[in-house]
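# A closer look at the structure
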Amino acid sequence: MQDYPTNYQYLYAKPTCSAAIRVCNEDFQVTEIPAFEPDGEGEHWYFNIRKNGENTDWVAKQLASFFDVSTKEIGYAGKKDRHAITQQWFSVCLPGIMDISVENFNTESIKILEIRKHSRKLRLGALKGNRFSIVLKNVSDDKYFAQRLSLVEKGVPNYFGEQRFGIAGGNLSRGIAMLKEQFKEKNRSKRGLYISAVRSWFFNYVLSHRLSQNRWQQIMPGDVVMLEGTNSHFVADDLIQIHRRMLQGDLHLTGPMWGRGRSVTQSDALDWELGLLDPYREITQCLESIGLKQERRSIRIIPGDLQAQCNAPGIWKISFDLPPGSFATSVLRELCDYNNASAKT
């Protein structure tokens, strides 16, 4: 969509080496890092499931069918990639059930690894993050790739990945059309997906401009910062101390997740964000009118426990942790100009 560009600014300049990702599902593995351990009691059964080439909603439907319950009784902390091997927890509310057999549930693509009980349903967002293990193939320049790794470990822009916007940006275009009342969607889940794409684009747009205007780590009066590992945020006051903590990775500048209510940013930072989004005022007003609340999101992610190994010329395996809601592709785009092989399937 020409009016909603996605050629976002790079932090370390666009990489000159290329690589292929997701040549097969085994090349892209994600393991959920739970926020808590099941307490062993209650009517909610927790299943740690490894799935190959299946999305989270599909597995949730299989669980509902297997246990003959509504999909409303199924819980999970986050949605995982389809073109990957992923491991995550699901919960099923089964009151009065003391023992279960799941031998007939496992298939070639889904397998239950562990079963626990807990007193509450597993809710969206109830995770510390995700551990990614990714194999990149056909890396065109191993030496250059290694040099980029040393940059990326310092942090990368926390962009929403292209999968948020759908094939050829379809989720974004449908969301904008829906907000303009040019398109209607009856499915509640799809409506939420489309609106989320629009909010995500605005965040990416603001973040990209912070980079292009050399405001990546430059604090403006009234800027809002977020504490590492949390959603706790506040207006920057002591700018010298705040900048020092940012360099240490303890605090991050934030961007807007647009919605109703007053922005928590103030003075110069508020004027800058409002001025940047003014050409899209029709859409931001629509987002406000549907009841979404103003939120903030860190503009930087620092990959945790980053490890990398060159297994052979042109073949690298990298592993790292990311917080909930962050995209591995945002790390990869700063490493190399990657080609997503799964996009062709």
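Residues numbered from 1 in each chain as written. Predicted model: local features only at pLDDT ≥ 70, side-chain atom pairs only at ≥ 80, totals over all residues. Heavy atoms only, no water.

### A few points about the pairing of strand 9 (residues 224–227)
Summarising the sheet, strand 9 and strand 10 (residues 233–235) pair through three bridges and their orientation is antiparallel. Residue pairing in the sheet places Val224 in a bridge with Val235 of strand 10. Here strand 9 hands over to strand 10 after five residues, with Gly229 in that stretch at a positive phi of 80°. (Pairing = 2+ DSSP bridges. Helix = DSSP H or I, 4+ residues; strand = E, 2+ residues; numbered from the N terminus.)

### Here's the deal with the packing of helix 4 (residues 188–212) against helix 7 (residues 281–289)
Axis separation between helix 4 and helix 7 bottoms out at 11 Å; the angle between their running directions is 130°. By the angle class used here, helix 4 and helix 7 are oblique. In this structure, helix 4 meets helix 7 at a crossing whose hand is left-handed. Residues Ile195, Val198, Arg199 and Phe202 of helix 4 form the contact with helix 7, whose participating residues are Ile283, Thr284 and Leu287. By residue class, the composition of the contact of helix 4 with helix 7 is five nonpolar, one polar and one charged. (Axes fitted to C-alpha atoms, helices over the stretch in contact; angles between N-to-C directions. Parallel < 35°, antiparallel > 145°, perpendicular 65-115°, else oblique. Left-handed = near helix turned anticlockwise from the far one by under 90°. Contact = heavy atoms within 4.5 Å. Nonpolar A, V, L, I, M, F, W, Y, C, P; charged D, E, K, R; others polar.)

### Here we look at empty space enclosed by the protein
Counted by the stated rule, this structure contains one cavity of 30 Å³ or more. Approximately 50 Å³ is the volume attributed to the largest cavity. If you go around the largest cavity, the residues you meet are Pro34, Ala35, Phe36, Pro38, Tyr46, Trp89, Leu122 and Ala126. Partitioned by chemical class, the residues of the lining of the largest cavity number eight nonpolar, no polar and no charged. (1 Å grid on protein atoms, 1.4 Å probe; cavity = no way out; pocket = protein on both sides within 12 Å on 5 of 7 lines; lining within 4 Å. Points joined across faces, edges and corners; volume = space filled by probe spheres on them.)

### Focus: helix 2 (residues 142–152)
For helix 2, the set of buried residues is Tyr144, Phe145, Arg148, Leu149 and Val152. For helix 2, the arc enclosing every buried residue in end-on projection is 150°, short of the 170-degree limit, so these residues lie on one face. Taken together, the buried residues of helix 2 touch strand 7 (127–136), strand 8 (156–157), strand 14 (304–312), strand 15 (315–322) and helix 8 (328–335). The backbone nitrogen of Lys143 has a side-chain oxygen 3.2 Å away, supplied by the residue at the start of helix 2, namely Asp141. (Buried < 20%, exposed > 50% of the residue type's maximum accessible area, 1.4 Å probe, protein only. Arc of directions from axis to C-beta. Polar contact = N/O pair within 3.5 Å; in protein donor to acceptor, adjacent residues only side chain to side chain.)

### Some words on the environment of Ala20
Its place among the elements puts Ala20 in strand 1 (residues 18–21). Here Ala20 falls in the buried class, since its relative accessible area comes to 8%. For the pair Ala20 and Leu94, spaced 74 residues apart in sequence, the C-alpha to C-alpha distance is 43 Å. With sequence-adjacent residues up to four places away left out, Ala20 is seen in contact with Val135, Leu136, Lys137, Asn138 and Asn339.

### Some points on the sheet that holds strand 10
Pairing is antiparallel in the open sheet, where four strands are placed in the order 10-9-11-12. Where the open sheet ends on each side, the last strands, each with one partner, are strand 10 and strand 12 (295–298). Ignoring which end each strand starts from, the neighbouring axes of this sheet average 45° apart. Running at roughly 135° to strand 11 (residues 251–257), helix 4 makes contact with strand 11 and strand 12 of the sheet.

### As for the state of the cysteines
For the structure on display, the rule yields zero disulfides. Note on Cys24: no disulfide assigned, nearest cysteine sulfur contributed by Cys336 at a separation of 16 Å. (Disulfide = S-S within 2.5 Å.)

### Let's talk about the side chain of Ser319
Looking at the secondary structure, you find Ser319 in strand 15. Dropping the residues within four chain positions of it, Ser319 is found in contact with Arg131, Phe132, Ser133, Asp305, Leu306 and Gln307.

### Structural notes on helix 1 (residues 56–67)
The first and last C-alpha atoms of helix 1 sit 17 Å apart over twelve residues, in line with the 16 Å expected at 1.5 Å per residue. Listing the buried residues of helix 1 in full gives Thr56, Val59, Ala60, Leu63, Ala64 and Phe67. Buried residues of helix 1, seen end-on, are gathered within an arc of 145° and therefore sit on one face of the element. Looking at helix 1, the residues exposed on the side facing more than 90 degrees away from the buried face are Lys61 and Ser65. Lining the buried residues of helix 1 we find strand 3 (44–52), strand 4 (74–76), strand 5 (85–93) and strand 6 (110–118). Where helix 1 begins, one side-chain oxygen reaches toward the backbone nitrogen of Asp57, 3.3 Å away; that side chain belongs to Asn55. (Expected span 1.5 Å × (residues − 1).)

### Structural notes on the packing of aromatic side chains
This model, assessed by the stated rule, comprises 20 aromatic pairs. With a centroid separation of 5.2 Å and an interplanar angle of 70°, the aromatic rings of Trp201 and Phe202 are classed as edge-to-face. Comparing Trp201 with Phe202, the two get one shared label, buried. Judged by centre distance (5.4 Å) and plane angle (75°), the ring pair of Tyr205 and Tyr280 falls under edge-to-face. One end of the pair, Tyr205, is in helix 4; the other, Tyr280, is in the loop between helix 6 (267–277) and helix 7, with 75 residues separating them in the sequence. The class of Tyr280 is buried, set by a relative accessible area of 13%. Taken together, Tyr4, Trp201, Phe202, Tyr205 and Tyr280 form an aromatic cluster joined through their ring pairs. The ring of Phe160 carries the charged tip of Arg297 above its face, separated from the ring centre by 3.7 Å. (Phe/Tyr/Trp six-rings, centres within 6.5 Å; stacked < 30°, edge-to-face > 60°. Lys NZ or Arg CZ within 6 Å of the ring centre and 35° of its normal.)

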